[in-house]
There are 2 protein chains.
Amino acid sequence: MKLKVIVTLKNGVLDPQGKAIQQTLNGMNFSEVKEVRQGKYFDIEINTNDENKAKDKVEEMCKKLLANLVIEDYKIL
Amino acid sequence: MKLKVIVTLKNGVLDPQGKAIQQTLNGMNFSEVKEVRQGKYFDIEINTNDENKAKDKVEEMCKKLLANLVIEDYKIL
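## A few points about the relation of the copies chain B and chain A
Alright, step 1. Expressed as a screw operation, the relation of chain B to chain A combines 0.0 Å of axial shift with a rotation of 180°, fitting to an RMSD of 0.0 Å. Read as a symmetry element, the transformation amounts to a two-fold axis. Ranked by how close their C-alpha atoms come to the rotation axis, the residues of chain B are headed by Lys40 of chain B, at 2.4 Å.
Alright, step 2. Interface residue correspondence from chain B to chain A reaches 100%, placing this contact among same-surface, isologous pairings.

## Details of helix 2 (residues 51-66) of chain A
Alright, step 1. Helix length check: helix 2 of chain A, at 16 residues, gives a terminal C-alpha distance of 19 Å against a target of 22 Å (1.5 Å per residue), a shortfall beyond 12%.
Alright, step 2. Those residues of helix 2 of chain A that sit buried are Ala54, Val58, Met61, Cys62 and Leu66 of chain A. Taken around the axis of helix 2 of chain A, the buried residues stretch over an arc of 105°, which confines them to a single face. Exposed and oriented more than 90 degrees from the buried face of helix 2 of chain A are Asn52, Asp56 and Lys64 of chain A.
Alright, step 3. Contact partners of the buried residues in helix 2 of chain A: strand 1 (2-9), strand 2 (33-46) and strand 3 (72-76) of chain A together with helix 1 (16-27) and strand 2 (33-46) of chain B.
Alright, step 4. N-cap assignment for helix 2 of chain A: the residue whose side-chain oxygen lies 3.1 Å from the backbone N of Asn52 of chain A is Asp50 of chain A.

## Some remarks on helix 1 of chain B
Alright, step 1. Counted at 1.5 Å a residue, the expected span for helix 1 of chain B with its twelve residues is 16 Å, and the 16 Å between its end C-alpha atoms agrees.
Alright, step 2. Among the residues making up helix 1 of chain B, those that are buried are Gly18, Ile21, Gln22 and Leu25 of chain B. Along helix 1 of chain B, the residues classed as buried sweep out an arc of 100° about the axis, all on the same side. Opposite the packed face of helix 1 of chain B, turned more than 90 degrees from it, sit the exposed residues Pro16 and Gly27 of chain B.
Alright, step 3. In this structure, the buried side of helix 1 of chain B is in contact with strand 2 and helix 2 of chain A together with strand 2 of chain B.
Alright, step 4. A positive backbone phi angle near 70° is found at Asn29 of chain B, which sits one or two residues after helix 1 of chain B.

## What about the layout of surface pockets?
Rolled over the atoms, a probe sized like a water molecule indicates the empty space that remains.
Alright, step 1. The computed volume of the largest pocket comes to approximately 260 Å³.
Alright, step 2. Lining the largest pocket are 17 residues, with Tyr41 and Asp43 of chain A together with Thr8, Leu9 and Asn11 of chain B sitting closest to its centre.
Alright, step 3. Those elements that place two or more of their residues in the lining of the largest pocket are strand 1 and strand 2 of chain A together with strand 1 (2-9), strand 2 and strand 3 (72-76) of chain B.
Alright, step 4. When the residues that make up the lining of the largest pocket are grouped by side-chain class, the tally is four nonpolar, three polar and ten charged.
Alright, step 5. Approximately 160 Å³ is the volume found for the second largest pocket.
Alright, step 6. Lining the second largest pocket are 13 residues, and of these Gln17, Gln38, Gly39, Lys40 and Glu72 of chain A sit closest to its centre.
Alright, step 7. Mapped by element, the contributors of at least two residues to the lining of the second largest pocket are strand 1, helix 1 (16-27) and strand 2 of chain A together with strand 2 of chain B.
Alright, step 8. Here the residues of the lining of the second largest pocket sort into four nonpolar, five polar and four charged.

## Some words on the nonpolar core
Alright, step 1. Ranked by internal contacts, the top residues of the largest apolar core, which has 18 residues, are Val5, Phe42, Ile44, Val58 and Met61 of chain A.
Alright, step 2. For this core, the secondary-structure elements that each account for two or more residues are strand 1, strand 2 and helix 2 of chain A together with helix 1 and strand 2 of chain B.
Alright, step 3. Per-element tally for this core: the top contributor is helix 2 of chain A, with five residues.
Alright, step 4. When neighbours within four sequence positions are excluded, Ile44 of chain A is seen to be in contact with Met1, Lys2, Leu3, Val5, Val58, Met61 and Leu66 of chain A together with Val33, Glu35 and Val36 of chain B.
Alright, step 5. Listed in part, the 17 residues of the second largest apolar core include Ile21 of chain A together with Ile44, Ile46 and Cys62 of chain B.

Criteria and cut-off values
- Residues numbered from 1 in each chain as written.
- Chains lettered and ligands numbered in written order.
- Predicted model: local features only at pLDDT ≥ 70, side-chain atom pairs only at ≥ 80, totals over all residues.
- Heavy atoms only, no water.
- Least-squares fit on C-alpha atoms with pLDDT ≥ 70 in both.
- Contact = heavy atoms within 4.5 Å.
- Helix = DSSP H or I, 4+ residues; strand = E, 2+ residues; numbered from the N terminus.
- Expected span 1.5 Å × (residues − 1).
- Buried < 20%, exposed > 50% of the residue type's maximum accessible area, 1.4 Å probe, protein only.
- Arc of directions from axis to C-beta.
- Polar contact = N/O pair within 3.5 Å; in protein donor to acceptor, adjacent residues only side chain to side chain.
- 1 Å grid on protein atoms, 1.4 Å probe; cavity = no way out; pocket = protein on both sides within 12 Å on 5 of 7 lines; lining within 4 Å.
- Points joined across faces, edges and corners; volume = space filled by probe spheres on them.
- Nonpolar A, V, L, I, M, F, W, Y, C, P; charged D, E, K, R; others polar.
- Core = buried A, V, L, I, M, F, W, Y, C linked by side-chain atoms within 4.5 Å.

Shape descriptors only; they carry no functional weight alone.
Structure follows, in structure tokens:
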């Protein structure tokens, strides 16, 4: 089965990449854009049909590799 | 209001970064991981309360800046 994971910076952590995108958009006549924050997205295909087991595994992957829990949060969809 | 955008590589486009993550996970005893594909995620805060207008604007941003439509797809959540 396939699981989706979104990793985002925690609130309060500076996001210079998102800021750069926001300023670029403002300069392209999208003046209504107030803030952009960028994150990462992962599509993970995992060899099991047990949804709970798959979610547990993916959560472990997030903690060990995909997210830096000091500055990032993750969400499994 | 806040909109979320996911930008992913189209099917068939090679994703060496996702492949590297998959191999790393396999080497960390997550042998059940069959494929990983990485994408980008954006949280966009936009100065309007009209949801349709906001979506139209964000779609325009995706086409002009956030996604490379030759190799990427976008989804507005």
